[in-house]
Amino acid sequence: MQDILFYLFAALTLLCGFLVVANPFSRNPVTSAMFLVLTIVSMAGLFVLLHAFFLAAVQILVYAGAVMVLFLFVIMLLDLKEEQRRRYKLYGAVLGLASVAGLGWLLVKTLWQSGVGAGLQPGYVGDTKSLGMALFSRGEFLLPFEIVSLLLLVAMVGVILLSKKDLK
Amino acid sequence: MSVGLEHYLIVSAALFSLGLLGVIMRRNLLVIYMSLELMLNAANLALVAFSRFNNNLDGQLMVFFIITVAAAEVAVGLALIVALYRKRQSAHVEDLVSMKL
């Protein structure tokens, strides 16, 4: 049962990811954004299969909720009609496909030759309690946590400054 | 054959390649940005899979931090794109070839 779900979610993730970058039917950025939401939701399904329940919830809340809403707001702010009129550059597409195929081949070959195998027998469950214990009780991640909060503050101030009409 | 670490890593590699393809091929800044998000998500998937199959929660903590930083990055990047659009009336990389505004 879990294997079937894995293949289902993996296929859905890759299909929607492909439709984000190269949708043959529509060049509209809104379509890309909607397929990105689908990709993220099916990836949350993969996280659940990996027993990372907290991260699955955070993935949906932060990515599908906050980040994608931000994207859609910006798409509505900008006038992107012109995007649909322009064609793909042929040499760009060919070169991109070639380099990406090379990278993908390299990655798969590395995986194949390193023989990672199936890994250990899984034990931990990434629910909220165990993640919180790992984050706060050992003291290893306390400083990064505080730095991240500072980073969010800096980002907030920076965004407010950047989106003001006239910088003084 | 039951699903193990390798399967997740292959999905992650394929998703990363797709994101890179989008960054190279698309010409719209917003779609390039979405492809970047795709690449970040591929890295997240690999980290969660490693964490699961190594019996260690550190990978998931790393993903937690990556999601936070990605949210900040998206906010700043989109603000930059909006500011750029105000100046140049275009979000197309081929129109943005000079460093001077």
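What counts and what doesn't
Residues numbered from 1 in each chain as written. Chains lettered and ligands numbered in written order. Predicted model: local features only at pLDDT ≥ 70, side-chain atom pairs only at ≥ 80, totals over all residues. Heavy atoms only, no water. Phe/Tyr/Trp six-rings, centres within 6.5 Å; stacked < 30°, edge-to-face > 60°. Helix = DSSP H or I, 4+ residues; strand = E, 2+ residues; numbered from the N terminus. Buried < 20%, exposed > 50% of the residue type's maximum accessible area, 1.4 Å probe, protein only. Core = buried A, V, L, I, M, F, W, Y, C linked by side-chain atoms within 4.5 Å. Contact = heavy atoms within 4.5 Å. Buried area = accessible area lost by both parts, 1.4 Å probe. Salt bridge = Lys/Arg side-chain N within 4 Å of Asp/Glu carboxyl O. Axes fitted to C-alpha atoms, helices over the stretch in contact; angles between N-to-C directions. Parallel < 35°, antiparallel > 145°, perpendicular 65-115°, else oblique. Nonpolar A, V, L, I, M, F, W, Y, C, P; charged D, E, K, R; others polar.

K.L.:
So what exactly am I meant to see when it comes to the packing of aromatic side chains here?
P.N.:
Here a ring pair, both rings aromatic, is described through the centre-centre distance and the interplanar angle of the planes. With the rule as written, the count across this model stands at nine aromatic pairs over all chains. Both rings, one in A:Phe145 and one in B:Phe64, keep their centres 6.5 Å apart while their planes meet at 5°; by these two values the pair is stacked. Separated into two different chains, A:Phe145 in helix α6 (residues 142-162) and B:Phe64 in helix α3 (residues 58-88) make up a pair that spans both. A residue is classified by how much of its surface remains accessible, and B:Phe64, at 19% relative accessible area, is buried. An aromatic cluster is built from A:Phe54, A:Phe136, A:Phe141, A:Phe145, B:Phe64 and B:Phe65, whose rings are joined through pairwise contacts.

K.L.:
Sorry, what's going on with the nonpolar core here?
P.N.:
Within soluble globular proteins, side chains that are nonpolar generally end up buried alongside one another. Membership of the largest hydrophobic core comes to 68 residues, with the highest contact counts inside it found for A:Phe6, A:Phe47, A:Phe71, A:Leu78, B:Tyr8, B:Leu30 and B:Leu45. Those elements giving two or more residues to this core turn out to be α1 (2-21), α2 (29-49), α3 (53-77), α4 (90-114) and α5 (128-136) of chain A together with α1 (5-25), α2 (29-53) and α3 of chain B. Not counting residues up to four positions away in its chain, the partners in contact with A:Phe47 are A:Ala52, A:Leu55, A:Ala56, A:Gln59, B:Asn44, B:Leu45 and B:Val48.

K.L.:
Is there a simple way to explain the interface of chain A and chain B in this structure?
P.N.:
In many reports, interface size means the accessible area that the parts give up when they come together. At the junction of the two partners, chain A supplies 81 residues and chain B supplies 70 residues. When chain A packs against chain B, close to 7,100 Å² is buried across both sides, 76% of that on carbon and sulfur atoms. There are one salt bridge connecting chain A and chain B. Taking the shortest distance from any N to any O, the salt bridge between A:Arg138 and B:Asp58 comes out at 3.0 Å. At the level of secondary structure, the elements contributing two or more residues to the side of chain A that touches chain B comprise α1, α2, α3, α4, α5 and α6 of chain A. Among the elements that make up the side of chain A that touches chain B, the one with the highest residue count is α3(A) (12 residues).

K.L.:
Even after reading the chapter, I still don't get the packing of α2(B) against α3(B), so can you show me in this structure?
P.N.:
For any two helices packed against each other, the geometry comes down to the angle between their axes and how far apart the axes lie. All names here are of chain B. α3 packs onto α2 with a crossing angle of 175° between their chain directions and a minimal axis gap of 10 Å. The orientation of α2 relative to α3 falls into the category roughly antiparallel. A per-class count over the contact of α2 with α3 returns 15 nonpolar, five polar and two charged.

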